[in-house]
Amino acid sequence: MAGQSLSPLGEGVALARRVAGSVSWLHTGWIPMAAAMLLSALGVMAIDTTEPGLARKQAIFAVLGVIAAAAACLPRTRTIRRVAWPLYWISLALLLFVLVPGVPEWLVRPKNGARRWISLGLFEFQPSEIAKLATVLAVAQWLRARESLSRLGGFVISLLLALPPMFLILIEPDLGTSLLFMPAVLAMLLAAGARKYHVVLLVAGSLAVAPLAYPVLKPHQRDRVDAMLAQLRGDARYSRDIGFQADRAMTLVGSGGLTGVGQEKARSLVRLNRLPEDHNDMIFAVICCRWGFLGGVATWMLGMLYGLGALAVGMLAREPFARLVATGVATLFLTQLCINTGMTLGVLPITGVTLPFVSYGGSSLVAMWILTGLLFNLAMRRPRGVERLGVVA
Amino acid sequence: MSAITNAVALQARRRLGLLAALAMVAVGALTLRLWMLTVWRGEELRETAERRLDRSVWIPSVRGSILDRRGRVLARDVPSWDVAVDYEAIDGSWVRERAERQARRDLGRSLWSRLPREARQAAVQARLPAWQAQLDAVLDRVADLAQVPRSELNQRLERVRTQVQRRAERTWERQRAARMAAGESAASIRLDPIREQQMSHVVVHGVPDGAAFALRRLGDEQPGTVEIVDATHREHPWEGADVLMDLDTLPQALRRRGTVTLRADGVLDHVVGSVRDEAWSEDLVRRPFSRTDGTVDPGGYGPTPDTIGARGLESAYEDRLRGTRGRLDTNLETGVSNRVDPQPGKDLRLTIDAALQARVQAILNPRLGLTRVQPWQHGGNYPLPDGTKLASAAVVLDVETGEILALGSWPTPGDAAELTDDDRRRLTPGLDRAAQAVYPPGSIVKPLVYAGAVARGKLSVDAAIACEGHFFPGHTDRARCWIWRPQYGMTTHSAQCGGALDVEAAISRSCNIYFYTVAQRLGLEGLVAWYRDLGLGQTLGTGLQGPRIASERGEVGESGGILPGAAQVEALQARRDAFTPVIMGIGQGPIAWTPLQAANAYATLARGGRIRDPRIVQDDAALPPDRRDGSLGVPPRAVQRALEGLRQSVEARHGTAHHVRHGDGSTEPIFRVPGVRVWGKTGTAQAPPLRLDQDGDGRDDRTVGGLDHAWFVGLAGDRGDSVPRYAIAVVVEHGGSGGKTAGPVAEQVVHALLDEGYLGPDRQERRVAASAPREGPVDAPMTAPDVESPEG
């Protein structure tokens with residue numbers, strides 16, 4: 001563009017006009033946005049059942065999240081692509097930082113024996129949340145250029161990109177979060193054109209190998225697998241100790257019946273049944289207790305709205321980067337949704353994965369909103385010039 | 001767009017569609033699972049969740065009391081307060097934790113987190129003494145209020161600590177072994193503290209209210225140290241009694257003017273028994289609190305503290321005495337509570353008179369002097385030294401009803417503390433000799449054998465039999481009469497009486513030959529059958545074994561004695577043994593009975609053969625349903641003559657129970673109770689050799705032979721009564737002569753009956769108090785012939 005010297009106001013107006021010209025306001029990005037609002041509201045209400053104080057905090061974080069999402073809408077796609085790799089390396093550095101021994105506890109506060117959080121005075125955040133975003137962006141950036149992934153090479157490198165963060169998160173320890181990476185990367189591979197055969201092979205291979213991981217798991221993780229298997233068999237022997245959380249969760253889910261027991265009763269039942277983590281990991285049990293089967297179904301509906309909306313963003317995206325990022329975000333969300341609700345219902349072992357937007361947790365909420373904003377961002381871009389052709393720029 | 005990217009885009013869209021479908025399938029499956037939980041199992045899970053809103057607390061019930069015939073309380077539950085100390089205060093963690101907490105507070109969070117481990121330890125160490133002093137102050141206060149010396153309290157705490165530590169180590173061993181067997185590495189195993197390390201332990205039972213409230217306040221001020229536990233304990237008020245004894249009714253050698261107060265310990269220990277506070281596995285099996293089908297039995301036995309009968313009637317009547325727990329259900333949500341009251345156990349009323357029993361126990365105590373080896377009891381050549389304490393038993397029955405008025409046995413567990421180790425081994429305080437020890441009856445059976453032979457038509461009522469000194473013609477060395485001995489001048493009763501003896505003479509002189517003859521005429525089978533009819537060889541369902549029927553009773557609580565069974569009778573007959581059947585007629589050979597059976601046999605005789613087996617409980621419903629009944633068909637004339645023989649035995653000069661002869665030739669009558677008539681028979685039964693452990697090395701090294709058990713069994717009533725009122729049986733183990741040793745004891749028992757108003761016009765009541773044991777020296781034992789000053 002020819003540089004004309006304009007007044008700051010003129011500069012601003014020109015920018016705005018340029019921005020406005022390059023976005024459309026009718027796009028699929030609204031769907032995840034709306035779903036995120038509704039899910040956040042559901043979360044605040046559910047947390048309010050047992051912890052009104054935390055519910056207030058969650059509402060504040062939701063507002064912060066929306067602001068962050070708006071901020072995530074500003075950068076152009078090109079900028080985002082440029083930021084992808086640096087962000088990836090920074091997130092790895094942060095993950096390493098969290099694990100380094102000798103770091104003072106005011107900086108890295110252990111919670112329940114896990115070193116996952118960095119606290120910066122006013123607020124704290126989890127490097128694993130940044131890692132999720134960064135990995136998706138980095139893999140998308142890597143894959144967008146590969147026209148065909150019939151060769152195993154490109155395939156493998158994408159996986160290799162995911163492994164370091166996965167590993168670092170796994171040894172925090174945080175098994176649950178590390179499990180989210182693989183499905184997202186595989187989905188992105190699929191979307192990028194990898195041979196289905198390769199992907200299926202990989203999935204089948206991991207499922208076959210997974211039981212071999214049992215001896216490598218930590219004792220408490222093994223306990224959880226044992227407890228889940230016992231529960232599914234109908235054996236109640238662990239329901240007082242290692243199976244306690246799952247047992248109470250299922251009891252409370254079931255006690256909701258078709259339409260739930262209402263707020264007062266749900267509060268008593270949840271409290272007196274001593275449901276652990278009733279405001280974060282097990283929030284779905286609180287939802288089902290208070291609103292019953294219908295409440296649980298509504299949660300899934302909203303979740304599917306978000307996930308399918310994100311996939312729709314991907315489907316209608318004109319260029320690969322956006323498609324891949326949308327796929328990654330959608331898969332992250334849907335996997336987390338299924339793992340969390342699955343473990344609450346007793347079909348998966350307890351893994352410490354929260355319900356996105358709904359569970360209490362400022363940093364995860366804000367992180368999810370940023371992802372949503374990103375989706376919105378990608379969806380609203382009208383492709384310009386050469387970018388429309390989907391060619392590398 | 002280029003063709004390739006277009007194709008890729010289309011393919012991508014298809015695949016994203018596939019992912020969407022996959023997601024919908026997953027959510028669909030989860031929805032199904034949700035349906036199963038909420039709708040299909042919703043009711044059941046809702047109930048489970050709701051159930052946790054209810055808290056149930058079991059309310060302990062009260063155990064039934066045991067009372068004597070006059071309503072005196074022999075056993076009852078008393079609410080009390082126990083003092084419990086937290087384990088953390090015992091093992092030092094209380095002090096350490098508080099010191100550490102204070103160190104953290106003092107130094108501040110940031111400084112604390114920066115300090116290295118050694119510095120932290122030092123800071124904690126510096127603060128330990130102050131906290132230890134606080135704990136010591138608390139424990140001092142506990143010792144003071146509970147009236148336990150601080151050293152004693154420390155001992156109890158230490159005992160708790162070692163026990164819990166040992167249990168913890170054993171538990172962790174097992175857990176560690178199990179976890180390592182399951183594949184865990186030793187380094188990664190972390191074991192939890194055991195339950196006992198997280199609870200408080202009772203160290204003092206039964207503190208008074210004031211102390212309890214003060215200690216509760218103390219516990220509130222210093223949390224985690226001491227707490228007051230609401231407990232019940234079982235009280236046995238007649239555990240010990242002080243009995244005022246009249247010394248001028250004693251035999252000459254022991255007689256003094258005035259009275260002495262004798263402490264009788266364990267007066268009802270054997271009869272009433274004791275309780276324990278822990279359920280054992282057999283209780284849990286017999287009547288579990290949590291049944292196998294999932295329901296709960298409120299009266300059942302659980303692992304929680306409980307009161308359970310351990311011995312005696314507390315144990316035999318456990319089911320009756322035990323109540324059922326109540327329940328307090330509170331709904332934690334609404335605060336509404338629902339209470340089911342506990343049902344107390346049923347009381348048990350005994351036929352025993354506690355005051356009479358206390359007197360009997362005092363009489364049987366060697367401290368009085370009658371049941372120690374005394375020179376006047378023997379000719380001077382007794383295998384046991386003078387002063388040796390002797391075990392003994394005495395039973396008093398009401399003839400008409402069969403009620404047991406007294407069931408005395410010495411020593412009781414309460415007396416054990418005063419005995420030397422040797423004596424304790426020989427005298428076995430745990431054995432209730434009145435109902436559980438068996439002895440050969442000896443001459444006691446003679447009137448019974450006569451009655452049996454007449455009843456079975458084998459002897460005429462007026463039978464007169466001569467005493468030739470020995471029974472078998474041609475055998476002068478066996479089956480002899482007791483006076484056909486060198487020390488008596490080899491005389492016979494026929495010589496003394498001038499001809500054949502009738503039954504009165506035979507009983508009063510205790511002629512062996514007469515009764516060998518009668519036994520022979522009755523025959524072995526007939527004799528054994530007669531003994532069985534009299535109640536030998538079986539337990540009698542007195543209630544000492546609870547309400548159980550004969551086939552379920554066994555021999556704990558009451559012994560059936562020894563009587564040849566059918567097989568043994570056959571064997572004896574096959575062997576053509578002529579000796580054994582005959583000596584069974586004088587109470588030797590393969591028969592043995594308990595003092596209770598002896599008293600019962602005499603009571604049956606006094607009743608004219610009507611069977612009224614003894615009973616210890618008043619409630620008919622508490623007795624076994626299969627007690628004997630009926631009549632033995634003894635002709636009244638025979639009863640009369642037998643009783644006359646027993647009367648003469650005591651009242652006639654020639655009777656074996658008439659007098660005691662001293663070494664210097666003087667005599668004194670055995671029974672001198674005014675207004676009271678006694679019918680009785682002495683017995684001197686050969687005892688098996690006594691094995692002693694002289695040097696205390698745990699092995700018996702000396703055998704003492706030539707000992708006899710001293711028996712006196714008889715009847716008593718007011719002069720003027722045609723039928724005796726009470727049956728009395730006394731046995732003194734290894735006491736030697738029945739007349740000389742057991743006779744005076746029986747005489748004192750008759751005095752006791754008089755004093756308690758069972759005989760004679762009501763006399764001035766002698767005080768018998770149930771009081772706490774006195775500290776201090778025991779009464780000086782009384783032995784003849786030293787003259788001792790009367791007790792002040």
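Residues numbered from 1 in each chain as written. Chains lettered and ligands numbered in written order. Predicted model: local features only at pLDDT ≥ 70, side-chain atom pairs only at ≥ 80, totals over all residues. Heavy atoms only, no water.

Colleague: Teacher, can you tell me more about the packing of helix α11 (residues 244-255) of chain A against helix α13 (residues 283-316) of chain A here?
Modeller: To characterise two packed helices, one gives the angle between the axes of the helices and the distance between these axes. Residue and element names in this part refer to chain A. It is the contact of α11 with α13, at a shortest axis distance of 6 Å, that shows an interaxial angle of 25°. As summarised for this structure, α11 and α13 are arranged roughly parallel, according to the angle between their axes. Of the two elements, α11 crosses α13, and the hand of that crossing is left-handed. Along the contact surface, α11 presents Ala249, Leu252, Val253 and Ser255, while α13 presents Ala285, Cys288 and Cys289. Of the residues that constitute the contact of α11 with α13, the class distribution is six nonpolar, one polar and no charged. (Axes fitted to C-alpha atoms, helices over the stretch in contact; angles between N-to-C directions. Helix = DSSP H or I, 4+ residues; strand = E, 2+ residues; numbered from the N terminus. Parallel < 35°, antiparallel > 145°, perpendicular 65-115°, else oblique. Left-handed = near helix turned anticlockwise from the far one by under 90°. Contact = heavy atoms within 4.5 Å. Nonpolar A, V, L, I, M, F, W, Y, C, P; charged D, E, K, R; others polar.)

Colleague: Would you explain the sheet that holds strand β11 (residues 337-340) of chain B in this entry?
Modeller: Residues and elements named next belong to chain B. With respect to topology, three strands assemble into an open sheet ordered β1-β10-β11, the strand pairing being antiparallel. Unpaired on one side and paired on the other, β1 (54-59) and β11 mark the two borders of the sheet. Within this sheet the neighbouring strands show an average axis-to-axis angle of 15°, counted without direction. The pairing of strand β10 (residues 326-331) with β11 spans four bridges and is classified as antiparallel. (Pairing = 2+ DSSP bridges.)

Colleague: Honestly, the nonpolar core in this entry has me stumped. Any pointers?
Modeller: Nonpolar side chains in soluble globular proteins generally cluster together in the buried interior. Leu350, Leu407, Tyr450 and Tyr514 of chain B are the most contacted members of the largest nonpolar core, which totals 164 residues. Not counting residues up to four positions away in its chain, the partners in contact with leucine 407 of chain B are Val271, Ile352, Gln357, Ala394, Val395, Asp432, Ala434, Leu544, Leu596 and Ile616 of chain B. Ranked by size, the runner-up nonpolar core spans 115 residues in total, among them Ala191, Met282, Val313 and Ala330 of chain A. (Core = buried A, V, L, I, M, F, W, Y, C linked by side-chain atoms within 4.5 Å. Buried < 20%, exposed > 50% of the residue type's maximum accessible area, 1.4 Å probe, protein only.)

Colleague: Even after reading the chapter, I still don't get the interface of chain A and chain B, so can you show me in this structure?
Modeller: Quoted interface sizes are often the accessible area lost when the parts come together. The partner chain B presents 36 residues to the 48 residues of chain A that form the contact. Taken as a group, Leu272, Phe293 and Met315 of chain A account for 15% of the area that chain A buries against chain B, more than any other trio of residues on that side. Scanning the region where chain A abuts chain B turns up one salt bridge. A salt bridge links glutamate 50 of chain B to lysine 265 of chain A; the shortest N-O distance between them is 3.1 Å. (Buried area = accessible area lost by both parts, 1.4 Å probe. Salt bridge = Lys/Arg side-chain N within 4 Å of Asp/Glu carboxyl O.)

Colleague: Quick question: what am I supposed to make of the confidence of the model for chain B here?
Modeller: It should be kept in mind that the predicted coordinates are not to be read in detail where pLDDT is low. The share of residues in chain B with pLDDT of 70 or more is 94%, and the mean pLDDT across the chain is 86. A low-confidence stretch, residues 763-792 of chain B stays under pLDDT 50, and its non-local contacts, those more than four residues away or across chains, total 55 contacts. (pLDDT = per-residue confidence, 0-100.)

Colleague: Would you mind going over unusual backbone geometry with me for this structure?
Modeller: Excluding glycine, residues mostly carry a negative phi; peptide bonds, for their part, are mostly trans. All names here are of chain B. Of note, the bond from tryptophan 410 into proline 411 is cis; its omega dihedral lies within 30 degrees of zero at 0°. By secondary structure assignment, the location of proline 411 is in the loop between β14 (404-410) and α14 (421-427). Positive phi, normally seen in glycine, also occurs at glutamine 147, with a value near 55°. In this fold, glutamine 147 is placed in the loop between α6 (117-146) and α7 (150-181). A positive phi is found at serine 510, a non-glycine position, where the angle reads about 55°. Its place among the elements puts serine 510 in the loop between α18 (503-509) and α19 (512-522). The exposure class assigned to serine 510 is buried, which follows from its relative accessible area of 4%.

Colleague: Could you clarify how one ought to interpret the packing of aromatic side chains in this entry?
Modeller: Working definition: an aromatic ring pair is given by the centre-to-centre distance plus the angle between the planes. Scanning all chains against the criterion turns up 18 aromatic pairs over all chains. Their ring planes at 75° and their centres at 5.3 Å tell us that tyrosine 88 of chain A and tryptophan 89 of chain A sit as a pair that is edge-to-face. By way of ring pairs, the aromatic residues Tyr306, Phe333, Phe357 and Trp369 of chain A are connected into one cluster. Here arginine 276 of chain B stacks its cationic end above the ring of tryptophan 280 of chain B, 3.8 Å away from the centre of that ring. Over the aromatic face of tyrosine 301 of chain B sits the side chain of arginine 322 of chain B, whose NZ or CZ is 4.0 Å from the ring centroid. (Phe/Tyr/Trp six-rings, centres within 6.5 Å; stacked < 30°, edge-to-face > 60°. Lys NZ or Arg CZ within 6 Å of the ring centre and 35° of its normal.)

Colleague: Please clarify how the sheet that holds strand β21 (residues 726-732) of chain B should be interpreted in this entry.
Modeller: Within a sheet, each strand pairs with its neighbour through backbone hydrogen bonds, oriented either parallel or antiparallel. All names here are of chain B. Taking strand neighbours across the sheet as the criterion, the five strands line up as β14-β13-β21-β20-β17 in an open arrangement whose pairing is antiparallel. Across the chains shown, the open sheet's two edge strands, defined by having one partner strand only, are β14 and β17 (676-686). Taking the axes of each pair of neighbouring strands and ignoring which way they run, one obtains an average angle of 10° across the sheet. One ladder, built from seven bridges, connects strand β20 (residues 708-718) with β21; its direction is antiparallel. Pairing of leucine 715 across the sheet is with alanine 727, part of β21. Across the face of the sheet, helix α13 (residues 354-364) comes into contact with β13 (392-398) and β14 while running at roughly 30° to β14.

Colleague: Honestly, the pattern of salt bridges in this entry has me stumped. Any pointers?
Modeller: All names here are of chain B. Scanning the model with the defined rule gives 59 salt bridges over all chains in all. Across the pair aspartate 341 and arginine 339 runs a salt bridge, and its minimum N-O distance is 2.8 Å. A residue is classified by how much of its surface remains accessible, and aspartate 341, at 48% relative accessible area, is partly exposed. The exposure class assigned to arginine 339 is partly exposed, which follows from its relative accessible area of 48%.

Colleague: Hey, could you run me through helix α14 (residues 320-344) of chain A in this one?
Modeller: One full turn of an α-helix is made of 3.6 residues, so residues set three or four places apart face in the same direction. Residues and elements named next belong to chain A. Across its 25 residues, α14 extends 36 Å between first and last C-alpha, which sits within 8% of the 36 Å expected from 1.5 Å per residue. α14 sits mainly inside the fold: 25 of its 25 residues count as buried. Where α14 terminates, the next one or two residues include glycine 346, which has phi positive at roughly 90°. (Expected span 1.5 Å × (residues − 1).)

Colleague: I keep staring at helix α16 (residues 446-455) of chain B and nothing clicks. Help me out?
Modeller: Residue and element names in this part refer to chain B. Burial analysis of α16 places ten of its ten residues in the buried class, which makes it a mostly covered element. Where α16 is concerned, the buried positions are Lys446, Pro447, Leu448, Val449, Tyr450, Ala451, Gly452, Ala453, Val454 and Ala455. The inward-facing, buried residues of α16 contact α18, α19, α20 (524-533), α23 (595-606), α24 (636-651) and β17. Looking one or two places after α16, you find glycine 457, whose phi comes out positive at around 70°.

Colleague: Can you walk me through the confidence of the model for chain A in this structure?
Modeller: On average, chain A scores 82 in pLDDT, and the residues at 70 or more come to 83%. Residue range residues 385-393 of chain A is modelled with pLDDT below 50. Its contacts to residues more than four positions away, or to other chains, number 13 contacts.

Colleague: Is there a simple way to think about a nonpolar patch on the surface in this case?
Modeller: Residue and element names in this part refer to chain A. A cluster of nonpolar side chains, Ile60, Val63, Leu64 and Ile67, forms an exposed patch at the surface whose accessible area comes to about 390 Å². Inspection of the secondary structure puts leucine 64 in helix α3 (residues 52-72). In this structure leucine 64 comes out as partly exposed when scored by relative accessible area, which is 44%. (Patch = residues over 30% accessible without salt bridge, like charges linked within 9 Å, V, L, I, M, F, W, Y side chains within 5 Å. Areas by Shrake-Rupley, 256 points an atom, 1.4 Å probe, with all protein chains shown as cover.)

Colleague: Hey, could you run me through the side chain of aspartate 174 of chain A in this one?
Modeller: Mapped onto the elements, aspartate 174 of chain A comes out in the loop between α6 (152-170) and α7 (175-179). A distance of 2.8 Å separates polar atoms of two side chains, one belonging to aspartate 174 of chain A and the other to threonine 177 of chain A. (Polar contact = N/O pair within 3.5 Å; in protein donor to acceptor, adjacent residues only side chain to side chain.)

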